[in-house]
Amino acid sequence: MTTRDLDKKKLDETPFDEKTFPASAVSEHLESNSTEEFDANADEALQLVGKERTSEFSDEFNRKVRRKLDLLIPPLCAAVYFTQFLDKTSLNYASIMGLPITGQNYNLVSMAFYLGFLLFEFPTVYLSQKTRAAKYLGVNIVLWGAILMLHAVGTSFGAFFALRFLLGMCESCVAPNLILIISMFYKKDEQASRISWFYVMNGLTQVFGGFIAYGVSFSNDPHIAPFKIIYVLLGGLAIIVGLSVLMWLPDSPVHAHFLTQEERIAALERVRNDQGGVANKKIKKKQIIEAFTDIRTWLIVLTTMMTSVPNGGLSNFSNLIIKNFGYTSRQTLILSTPGGAVASLMTLFCGWYSDRKNERMIPIVIALVPTIVGAAMLIGLNDSGKKGALLFATYLIGTFGSSLSTVYAYNASNTSGHTKKSTVNAMTLLTFSIGNIVGTEIFLPKDAPAYIPGKIAIMVLLTVQLGISLLLRWINLRLNKKKVAQIEELKRSMRWTDADIQKEREKHAFMDLTDQENIYFVYTA
């Protein structure tokens, strides 16, 4: 019996939860007699491989292919993220290096980046899907490098607000594109660690940027203020990275010209069993609807909100918090760097643990607990005068940042269907933007220098997030049990063997089905 007959039988007998795992999308693909229609619906991987696996590769050959991928893709992704985070937080360094924007205007300029990010997030993910992901990313990096250099020219509130807004628009494509690229080339049990390899740049930029800003702070040139030098240097670096991406970062395994034809096929076959697909340029309304009606999407949105509000505050005010312990501006720049090292180590650990244990939510819990403790210390020791303990608490607070890296890995591993994946990534980053906008307002000038309400908000939000993480993990495990039961019922009713099931699994891999449509898709808890 064919898969088409099977799907009709399933629709008639439906012993399973059809609302959760609809067969209709499979039927639409299989019933189409038009090759053009199928090609529009299916994954672009079918340009190189068939619906069924026809090539087998040794473990040694697959490891060789993965090594080639690792030598190019993660380093370029890391360079992009390094540049983005450095550029995004440049305002934090400029704030103590003569920036002419202060008080509430500083808060508004901080917020402007996230407003641009917010308004352009959905357009940018769909533009990226319709074009070539890596090329689209490279063009945006070059543009934001030029915009960042223009910050050295602006002196008024209006100019800085406009430039930060444009910077946010250009940088809104970064995380969604990097998540998609990692999910195209890597298996589920490799994705979290590779995402952590580029996300770790958030912490390393804090170290690197602090030392660069410290060196620039010694400039006594009367013609150019230190903060302007920072913007020129970082803008130039972004342009170099953007040009590198345009030249070398592949858009998908199909277009990975640094691989041989055989290696590109092996790269696609490596990810076939994960059922996540590679790329499809057709924007599908049904997948957008599914993304918005999936309860797990909204729990990820809530997770992102809970962790982005603290990020919005700390990424712009952490240096001011340390300075208010009684340190000079130059001391602050140096003393802020260990926090980046702590954050980097936590990110790498969570990425490793996530892949090693096939977990996504538990690493988030591990990352949040030290931050909750650090926030409590900052509140409890506020007037103690214990500068060392307070400084240690600020280092602990930085661990929460790795939770967003795990959210990225969660999206890569738990969402299928290219349009759905783009939509969920856009919703995640849209929420990231909103959370960061709110975050800039939890550290208000009237609460300086202690900013106690902001610290309390961080502690409360992240404590609530612990429960959300465990709930989302339970839902994914429950859905997996339902899929296992569905497959077992399928084997029994059709009298299929494990080999038959594997053949069907391979057929579904590159049909651009969503995780709900595809019975063979397995969620990572």
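Predicted, not measured: the structure shown is a model, and the values here were computed from it. Counting restarts for each chain, with residues numbered from 1 along the sequence as it is written. Selection of residues for local features in this predicted model requires a pLDDT of at least 70, selection of side-chain atom pairs for listing and counting requires 80 or more, and totals for whole chains, interfaces and linings are taken over all residues. Just so you know, side-chain values use all the structure's heavy atoms and leave hydrogens and water out.

> Where do I start with the overall build of the chain in this structure?
When helices and strands are tallied, the chain shows 23 helices and 0 strands. Each radius of gyration reported is based on C-alpha atoms, and the globular scaling rule is 2.2 Å times the count of residues to the power 0.38. Compactness check: the chain gives a C-alpha radius of gyration of 24 Å against a globular reference of 24 Å for 525 residues, within 12% of the reference. Taken over the C-alpha atoms alone, the chain extends approximately 80 × 45 × 40 Å along its principal axes. A contact between two residues is defined here by any heavy atoms of the two lying within 4.5 Å. Looking at the chain alone, contacts between residues at least 24 apart form 84% of all its contacts between residues at least 6 apart. Note on areas: Shrake-Rupley, 1.4 Å probe, and residue coverage restricted to the protein chains presented here. Accessible area for the chain stands at about 19,900 Å²; split by element, carbon and sulfur atoms hold 63% of it. For this count, His and the chain ends are skipped, Lys and Arg are scored as positive, and Asp and Glu as negative. Throughout, a charge is located at the NZ atom of Lys, the CZ atom of Arg, the CG atom of Asp or the CD atom of Glu. In the chain, 52 side chains carry a positive charge and 45 a negative one; their mean positions are 5 Å apart. Each helix is a run of DSSP H or I of at least 4 residues and each strand a run of E of at least 2, with the numbering of both proceeding from the N terminus.

> Please clarify how the side chain of aspartate 447 should be interpreted in this entry.
The residue aspartate 447 is located in the loop between helix H21 (418-439) and helix H22 (452-494) in this model. Residue classification places aspartate 447 among the buried positions, given a relative accessible area of 15%. With residues near it in sequence (within four places) discarded, aspartate 447 still touches Ile442, Ile452 and Pro453. Exposure categories follow from relative accessible area, calculated using a 1.4 Å probe and restricted to protein chains: below 20% of the type maximum is buried, above 50% is exposed, and the middle band is partly exposed.

> Can you help me understand the packing of aromatic side chains in this one?
One pair of aromatic rings is described through two measures. These are the centre distance and the angle between the planes. We call Phe, Tyr and Trp rings a pair once their centres come within 6.5 Å, taking the six-membered ring for Trp, and we label the pair stacked below 30 degrees between planes, edge-to-face above 60, and tilted otherwise. For the structure on display, the rule yields 17 aromatic pairs. Between phenylalanine 113 and tyrosine 114 the ring centres are 5.0 Å apart and the planes differ by 80°, which places this aromatic pair in the edge-to-face class. For tyrosine 114, a relative accessible area of 1% corresponds to the buried category. Judged by centre distance (5.8 Å) and plane angle (50°), the ring pair of phenylalanine 157 and phenylalanine 161 falls under tilted. On the criterion of helical spacing, the pair formed by phenylalanine 157 and phenylalanine 161 is a turn pair, its members being 4 residues apart in helix H8 (residues 157-171). A relative accessible area of 29% places phenylalanine 157 in the partly exposed class. Through pairs of rings, three or more aromatic residues link up here, namely Tyr81, Phe198, Tyr199 and Tyr408.

> Could you clarify how one ought to interpret unusual backbone geometry in this entry?
Peptide bonds are, in most cases, trans, and in most cases residues other than glycine have a negative phi. Positive phi, normally seen in glycine, also occurs at asparagine 358, with a value near 55°. Residue position: asparagine 358 is located in the loop between helix H17 (337-356) and helix H18 (361-380). Phi at arginine 495 takes a positive value of approximately 55°, unusual for a residue other than glycine.

> Sorry, what's going on with the nonpolar core here?
A general trend in soluble globular proteins is that nonpolar side chains are found buried together. In terms of nonpolar packing, the biggest core is built from 119 residues, with Ile73, Leu137, Phe198 and Tyr408 touching the most fellow members. For this core, the leading source of residues is helix H4 (residues 59-88), giving 12 residues. Among residues more than four places away in sequence, those in contact with phenylalanine 198 are Cys77, Ala78, Tyr81, Leu178, Ile182 and Tyr408. In terms of nonpolar packing, the next biggest core, distinct from the first, is built from 7 residues, Ile487, Met494, Ile501 and Ile519 among them. Put simply, buried Ala, Val, Leu, Ile, Met, Phe, Trp, Tyr and Cys residues joined by side-chain atoms within 4.5 Å make one nonpolar core.

> Explain the pattern of salt bridges to me, please; I cannot follow it from the model alone.
A side chain with one charge can pair with a side chain of the opposite charge if their charged atoms come near. By salt bridge we mean one thing: a side-chain nitrogen of Lys or Arg within 4 Å of a carboxyl oxygen of Asp or Glu. Considering all chains together, one arrives at 20 salt bridges under this definition. The salt bridge partner of arginine 473 is glutamate 359, with a shortest N-O separation of 2.6 Å. Here the residue arginine 473 occupies a position in helix H22, and glutamate 359 occupies one in the loop between H17 and H18, the gap between them amounting to 114 residues. Note on glutamate 359: relative accessible area 11%, which makes it buried. One salt-bridge network, held together by shared partners, links Glu290, Asp294, Arg296, Lys420 and Asp515.

> I keep staring at the confidence of the model for the chain and nothing clicks. Help me out?
Any segment with low pLDDT has predicted coordinates that should not be analysed in fine detail. Values of pLDDT, the confidence the predictor places in each residue, fall between 0 and 100. On average, the chain scores 85 in pLDDT, and the residues at 70 or more come to 92%. Per-element averaging of pLDDT across the chain places helix H1 (residues 3-13) at the bottom with 42 and helix H14 (residues 285-293) at the top with 95. Counting interchain partners and residues more than four positions distant, the pLDDT-below-50 stretch residues 1-38 has 63 contacts.

> When you look at H14 in this model, what are you seeing that I'm missing?
Structural remark: α-helix, 3.6 residues per turn; residues separated by three or four positions point the same way. Within H14 the residues assigned to the buried category are Gln287, Glu290 and Ala291. Along the axis of H14, the buried residues cluster in a sector spanning 100°; they form a single face. Residues of H14 that are exposed and point over 90 degrees away from its buried face: Lys285 and Thr293. The arc in question is traced by the directions running from the helix axis to the C-beta atoms.

> Could you clarify how one ought to interpret the packing of helix H10 (residues 188-199) against helix H11 (residues 201-216) in this entry?
Between two packed helices, the angle of one axis relative to the other and the distance separating the axes together describe the packing. Throughout, an axis means a line fitted to C-alpha atoms (over the contacting stretch in the case of helices), and angles, computed between N-to-C directions, take values from 0 to 180 degrees. At a minimum axis distance of 6 Å, the contact between H10 and H11 shows a crossing angle of 20°. Taken as axis vectors, H10 and H11 run roughly parallel relative to one another. Facing H10, whose interface residues are Trp197, Phe198 and Tyr199, H11 presents Met201, Asn202 and Gly203. Each residue gets one of three labels, nonpolar for Ala, Val, Leu, Ile, Met, Phe, Trp, Tyr, Cys and Pro, charged for Asp, Glu, Lys and Arg, and polar for the others, Gly among them. Of the residues that constitute the contact of H10 with H11, the class distribution is 4 nonpolar, 2 polar and no charged. Orientation labels follow simple angle bins: below 35 degrees gives roughly parallel, above 145 gives roughly antiparallel, 65 to 115 gives roughly perpendicular, and whatever is left gives oblique.

> Teacher, can you tell me more about the environment of alanine 94 here?
With respect to the secondary-structure elements, alanine 94 resides in helix H5 (residues 90-94). Overall, the relative accessible area of 0% leaves alanine 94 in the buried class. Note: C-alpha distance between alanine 94 and phenylalanine 227 (133 residues apart in sequence) is 4.9 Å. Beyond its immediate chain neighbours, meaning those up to four positions away, alanine 94 contacts Leu99, Phe227 and Tyr231.

> Just to check I follow, could you spell out the environment of lysine 455 for this structure?
Turning to its location among the elements, lysine 455 is positioned in helix H22. Taking relative accessible area as the criterion, lysine 455 reaches 4% and is therefore assigned buried. The spacing of lysine 455 and isoleucine 364 is 91 residues in sequence and 20 Å in space, taken between C-alpha atoms. Aside from chain neighbours lying at most four places away, what touches lysine 455 is Ile321, Ala375, Leu378, Ile379, Asn382, Phe443 and Ala450.

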